[in-house]
Amino acid sequence: QVTLVESGGGLVEAGRSLTLSCAASGSFLSINSMGWYRQGPGPERDLVARIISGDTTTYADSVKGRFTISRDNAKNTVYLQMNSLKPEDTAVYYCHGDITQHYRSSKWGQGTQVTVTT
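One structure accompanies this document, and this report is about it.

Definitions and limits used
Residues numbered from 1 in each chain as written. Predicted model: local features only at pLDDT ≥ 70, side-chain atom pairs only at ≥ 80, totals over all residues. Heavy atoms only, no water. Disulfide = S-S within 2.5 Å. Helix = DSSP H or I, 4+ residues; strand = E, 2+ residues; numbered from the N terminus. Buried < 20%, exposed > 50% of the residue type's maximum accessible area, 1.4 Å probe, protein only. Pairing = 2+ DSSP bridges. Axes fitted to C-alpha atoms, helices over the stretch in contact; angles between N-to-C directions.

Attention shifts here to the state of the cysteines. Joining two cysteines, a disulfide is a covalent bond between their sulfur atoms. In total, this model carries one disulfide according to the counting rule given. What pairs with Cys22 in a disulfide is Cys95, and their sulfur atoms sit 2.0 Å apart. Torsion about the S-S bond of the Cys22 and Cys95 cystine: about -80 degrees, corresponding to left-handed handedness. Linking Cys22 in strand β3 (residues 18-26) with Cys95 in strand β9 (residues 91-100), this pair joins segments that are 73 residues apart in sequence. For the pair Cys22 and Cys95, a shared accessibility class is recorded, and that class is buried.

If you want it as structure tokens, here you go:
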């Protein structure tokens, strides 16, 4: 059983910063990639940022230059540093892991709310 546990969400004024953390725990062979998705009022969950083995990163255009994803392999933890937050960044942020146990599978965290006020 692999569990992803997020922390760091909250209420913040526009222009401020927040850092999200996601720790993977349980038994697994490897973490192939970890990332953050967000879901606003609609049903779609959109990619925010992803980091794969070798520290290659991908960002949504809307967050480039403002958000930074990083990982601590020793702690099986991924971070999302969010700067210059905007009201349109308001969403539930979900951690995602592409993790190999006996086979590769997707794992999701429970989600953490980020609310940015004007």
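Working definition: the strands of a sheet are paired by backbone hydrogen bonds and lie parallel or antiparallel to each other. Spatial strand order, β1-β3-β8-β7: four strands in an open sheet with antiparallel pairing. Only two strands of the sheet have a single neighbouring strand rather than two, namely β1 (2-7) and β7 (67-72). Mean inter-strand twist for the sheet, computed between neighbouring axes without regard to direction, equals 15 degrees. Pairing of β3 with strand β8 (residues 77-82) involves six bridges; the strand directions are antiparallel. Looking across to β8, one finds that Leu18 is bridged to Met82.

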